[in-house]
Amino acid sequence: MKSRSQDQSLSDSRELDRSYDPLTGNPPSKPNKKTIKQRFLKLLPCCRSDSSSSVAQSKCHRTHSSKMKHCSITDDAELSAVRYRPEGLDLLVQKTNFSKKELQVLYRGFKNECPSGVVNEETFKTIYSQFFPHGDSSMYAHFLFEAFDTRSNGSVSFEDFVVSLSIILRGSITDKLNWAFNLYDLNKDGCITREEMTDIMHSIYDMMGKYTYPCMLDNAPKEHVDNFFQKMDKNNDGVVTIEEFLETCQKDESIMQSMHMFDSVI
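Quick notes on the rules
Residues numbered from 1 in each chain as written. Predicted model: local features only at pLDDT ≥ 70, side-chain atom pairs only at ≥ 80, totals over all residues. Heavy atoms only, no water. Axes fitted to C-alpha atoms, helices over the stretch in contact; angles between N-to-C directions. Helix = DSSP H or I, 4+ residues; strand = E, 2+ residues; numbered from the N terminus. Parallel < 35°, antiparallel > 145°, perpendicular 65-115°, else oblique. Left-handed = near helix turned anticlockwise from the far one by under 90°. Contact = heavy atoms within 4.5 Å. Expected span 1.5 Å × (residues − 1). Buried < 20%, exposed > 50% of the residue type's maximum accessible area, 1.4 Å probe, protein only. Phe/Tyr/Trp six-rings, centres within 6.5 Å; stacked < 30°, edge-to-face > 60°.

Undergrad: I keep staring at the packing of helix α7 (residues 121-129) against helix α8 (residues 138-148) and nothing clicks. Help me out?
TA: Geometrically, a packed helix pair is captured by the angle between its two axes and the distance between the axes. Contact pair α7 / α8: the axes reach a minimum separation of 9 Å and the direction vectors enclose 125°. Of the possible angle classes, the one that applies to α7 and α8 is oblique. In this structure, α7 meets α8 at a crossing whose hand is right-handed. The residues of α8 that touch α7, namely those facing Glu121, Phe124, Lys125 and Tyr128, are Ser138, Tyr140, Ala141, His142, Leu144, Phe145 and Phe148.

Undergrad: Looking at this structure, how should I read helix α10 (residues 173-184)?
TA: Each α-helix winds once per 3.6 residues, and so residues spaced three or four apart point in a common direction. Between the first and last C-alpha of α10 there are 17 Å, a value that for 12 residues agrees with the 16 Å anticipated at 1.5 Å per step. Turning to α10, its buried residues are Lys176, Leu177, Trp179, Ala180, Phe181 and Leu183.

Undergrad: Please explain the packing of aromatic side chains as it appears in this structure.
TA: The way to describe two aromatic rings as a pair is by their centre distance and the angle between their planes. What the rule picks out here adds up to 14 aromatic pairs. Where Phe148 meets Phe161, the ring centres are 6.2 Å apart and the plane angle is 20°; that geometry is what we call stacked. A residue pair is termed long-range when its members are at least 10 positions apart, and Phe148 in helix α8 and Phe161 in helix α9 (residues 158-170) qualify at 13 residues. Accessibility expressed as a relative area gives 24% for Phe161, which makes it partly exposed. Ring pairing ties together the aromatic residues Tyr107, Phe110, Phe124, Tyr128, Phe131, Phe132, Tyr140, Phe145, Phe148, Phe158, Phe161 and Trp179, which thus form one cluster.

The analysis is restricted to geometry; functional conclusions fall outside its scope.
Written out as structure tokens, the structure is:
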């Protein structure tokens, strides 16, 4: 037991100082560490770029070398504290439908976009907007972010991202439909209201932009909401439950075909 504890401690420390990557199995490239340091330098008292920090820097140079060493230790501690450590590769293989190799590829891409290991909503919106340059994707990205943020803590970790991506790309039909229902159920109360579906539809039309062909009419979102409830709301009580949603979707051939659209993306 003691030996295993020592091994775990060593593993944790290697993750913290980035001498070992728990998912890729390789040391990270130097540019990544440099990028992280540059991003958080302004948080450190000895390393700011404004005039007041210049004074602080000059004082650091005039102090004893032991104090400079202390500054370096503080620097590393700050970086270790803000760096998020993902779960182990084997655990993520169990949680998702991805292989180890696929998870390693996904992780490298995730780290390039989010070196700290987590992404907040504003960064998520910025990344997502690149796919829809002619429209306003901010509201739909907000809804999508909340669906990915399964812990409701205002950030999406690699685990959050890859678990949802696994459902979207590799999940069963029921899993995919449940995920879509959760996206549309904005307040997460177990049913979709007309107001929620209207907000979703408006966000989709805003994201697509005004320069689509054929041109979309102003009343198109309302018509889609009306059609949605006419199909889904079996008992006409003004809300769509998960049972109604699943039953209707599984009987709709076009919806079923769309569920397989991304099966071979990765």
